[in-house]
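Chains, contacts and geometry: an overview
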Amino acid sequence: MIARSDEVCRHLTTVPGVGALTALTFKTAVDDPTRFISSKRLGAHFGLTPRKYQSGTIDVTGSITKAGDAMVRSALYEAAHSMLTRAKSFSSLKRWAMAVAKRRGLRRATVALARKLAIVLHRMWMNGTDFRFGKQEVAA
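What counts and what doesn't
- Residues numbered from 1 in each chain as written.
- Predicted model: local features only at pLDDT ≥ 70, side-chain atom pairs only at ≥ 80, totals over all residues.
- Heavy atoms only, no water.
- Helix = DSSP H or I, 4+ residues; strand = E, 2+ residues; numbered from the N terminus.
- Expected span 1.5 Å × (residues − 1).
- Buried < 20%, exposed > 50% of the residue type's maximum accessible area, 1.4 Å probe, protein only.
- Salt bridge = Lys/Arg side-chain N within 4 Å of Asp/Glu carboxyl O.

1. Notes on helix 7 (residues 106-127)
With 22 residues, helix 7 ought to run about 32 Å at 1.5 Å a step, and its terminal C-alpha atoms sit 31 Å apart, in line with that. Within the span of helix 7, buried status applies to Ala109, Thr110, Val111, Ala112, Leu113, Ala114, Leu117, Ala118, Leu121, His122, Met124 and Trp125. Just past helix 7, the residue Gly128 takes up positive phi, approximately 75°.

2. A look at the pattern of salt bridges
Tallied over the entire structure, the rule returns two salt bridges. In this structure, Asp6 engages Lys27 in a salt bridge whose closest nitrogen and oxygen atoms are separated by 2.8 Å. Residue Asp6 is located in the loop between helix 1 (2-5) and helix 2 (7-12), and its partner Lys27 is located in helix 3 (residues 20-30); the two are separated by 21 residues in the primary sequence. Looking at Asp6, the relative accessible area reads 18%, which means it is buried. Note that Asp59 is salt-bridged to Lys52, the shortest N-O span being 3.1 Å.

Pasting the structure below:
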C-alpha cells in the first residue's frame with residue numbers, strides 16, 4: 001500500500017524482479033539520492049563489491065565486502081535472482097547477466113546484477129524515469 005502511493009517506489013517497481021519490498025528498502029536506505037556523487041558508488045555502499053587483500057607480493061580478490069546495510073543487500077540480491085530465474089521479460093540487463101553467468105557462474109552473476117541494479121535504481125530515481133528494457137532512443 002505504501003509503495004503504491006509513493007511515486008519513487010512506483011518508478012522503481014517497473015524493473016522486472018523489483019517488488020514493493022525491494023523498492024521501499026532501497027528508498028529508505030538511500031534516503032537522499034543526491035548525497036551520492038556517482039551511481040557507481042552504491043555498489044560499495046551496500047557491500048556488493050569484491051573484497052581485496054594486498055600485501056607485498058600477495059593480491060587476493062575475495063568474496064563481497066558485506067559493508068553497509070545487509071537488508072538492502074539481500075533485497076537487491078533477491079531481486080537480481082528473480083530477474084535471472086523467474087522474470088519472463090527479457091532486457092539488456094538480463095542479457096548482460098546471463099553472459100556473466102555463462103562465464104563465471106550463476107552466483108557471481110547474481111551479485112554482479114544486484115550491484116548493477118543498485119546503479120540502475122539510483123539513476124532511475126535521479127531522472128524520474130521508468131525502466132527501459134532495451135536500448136531505446138530518448139526523446140530530446
